[in-house]
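# Observations on the model geometry
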Amino acid sequence: MTSPRAHEVLYESEATLRLVDHELHELRHASHPDPVRQPGLEDLPAILERANTQILNVLTRLRETRAALQSSAMEKLQSTHDKLKEVTSATEDAAINIMDACDRASQMVDELEAIDTAPEPDRTKAGEIRGTLRDEIFLMMGALQFQDITTQQLNHASSVLVEMEQRLLDVAKLFDANGDASQLTGCTFDAIDQGTFDPNATTHNAEGRQALADEIFTSIKAPAA
Amino acid sequence: MKFLVVDDSATMRRIVVNSLQRIGFTDTVEAGDGQEALAKFDSSVKFVITDWNMPNMSGTEFTKVLRSRPDGAHVPVLMVTARSVKEDILTAMEAGVNNYIVKPFTPAVLKEKIDALLPATAA
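Reference entry: report on the structure contained in this document. Just so it is clear, the structure is predicted and the values come from calculations on it, not from any experiment.

The interface is formed by 30 residues belonging to chain A together with 32 residues belonging to chain B. The set of elements that each furnish at least two residues to the side of chain A that touches chain B consists of α3 (123-143), α4 (146-175) and α6 (206-219) of chain A. Within the side of chain A that touches chain B, the residues separate by chemical class into 16 nonpolar, 10 polar and four charged.

Our next topic: the sheet that holds strand β3 (residues 45-50) of chain B. All names here are of chain B. Read across the sheet, five strands follow the order β2-β1-β3-β4-β5 without closing on themselves; strand pairing throughout is parallel. The outermost strands of the open sheet, each flanked by one partner alone, are β2 (28-31) and β5 (99-102). Across the sheet, the mean angle from the axis of one strand to that of its neighbour is 20 degrees, orientation sign disregarded. Bridging between β3 and strand β4 (residues 77-81) involves three bridges; their strand directions are parallel. Bridging across to β4, V48 finds its partner in V77. In the packing of helix α3 (residues 59-68) onto the sheet, the strands contacted are β1 (2-6), β3 and β4, and the crossing angle to β4 comes to about 175 degrees.

When helix α4 (residues 86-95) of chain B is considered as a whole, its buried residues turn out to be B:D88, B:I89, B:A92, B:M93 and B:A95. Looking straight down α4(B), one finds that the buried residues subtend no more than 160 degrees of arc, so they occupy a single side. Summarising the geometry of α4(B), the exposed residues directed more than 90 degrees from the buried face are B:K86 and B:E87. Here the buried face of α4(B) lies against α6 of chain A together with α3, β4 and β5 of chain B. Looking one or two residues beyond α4(B), the residue adopting positive phi is B:G96, at roughly 115 degrees.

All names here are of chain B. Of all five residues that make up β1, four are buried, and the element is covered over most of its length. Pairing geometry for β1 and β3, over five bridges, is parallel. Paired with V5 across the two strands is I49, which belongs to β3. As paired strands, β1 and β2 are joined by four bridges and run parallel to one another. Bridge pairing in β2 places V5 opposite E30.

Conventions and cut-offs
- Residues numbered from 1 in each chain as written.
- Chains lettered and ligands numbered in written order.
- Predicted model: local features only at pLDDT ≥ 70, side-chain atom pairs only at ≥ 80, totals over all residues.
- Contact = placed C-beta atoms within 7 Å.
- Helix = DSSP H or I, 4+ residues; strand = E, 2+ residues; numbered from the N terminus.
- Nonpolar A, V, L, I, M, F, W, Y, C, P; charged D, E, K, R; others polar.
- Pairing = 2+ DSSP bridges.
- Axes fitted to C-alpha atoms, helices over the stretch in contact; angles between N-to-C directions.
- Buried ≥ 20, exposed ≤ 12 C-beta atoms within 10 Å, placed from the backbone.
- Arc of directions from axis to C-beta.

Have a look at this one:
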């Protein structure tokens, strides 16, 4: 998939290269002009001046193309970098939550063991501890939701890499129009189905995002069940 | 009371099913995408919990098709998704979703939304 920005970059690059080609052609023509009139030394300054102007124009267009390519690619890569950092942080948060819950669960098992071995076991307290233990186990399960969200974040990162690869291929083809295009396309990765992930998926601020959903569903009457 | 739980993530399906069991709903059927959900939906399903982003058929597309079926026109549909921008929430609502949970969710939020959508005698 190629974005409109990428198309623009390709268009600019192609236009620039056509301009270069045209100018080279003209310069070649100028060096072998009308056979009746051979250029003299008096023509050289004008030819050089014209060549200089055209080369400057070409360089300007190339700089613009590079800037467009750089800005669109850098933006995407920065966002992908941020997503990958978030994956690391979400994984770590979930691991810490699960470890904390394991520690608390382990303590509760110790307490239950102590109650069991007491001369007069406190069954009421044991029942309460078992209930809390179930809550802790459930909390651990809930913490595993990070897996679904980080999968979406990784799919997003992967889709950006595929897009970058496609852009590089497009640029490579542009500079090697007569080359073997099949060699360039042989290394493409499988594209990720865009429908299977949300590029904005996050584990952050779940309460705030839920509050927004609630507000919308409260202010605009949802369909009756 | 039978729940249909639709999510392409097996982990999420398991979390939702476990959460349902914990609040007393043990009759569940699972599907990995909207197409599979449509195939598994019948009049015995009384509540649908669906993800949004799935292969083959998304949660919103599934809800729209479900709403067009006589047996699915009025079944409560609760969307549980990572998508949380305003436009997405409005799109889900337009598709026919009755309420919306943002991932990651807590069992308390799930219970609150189910309770709000169920008739008083159903649970």
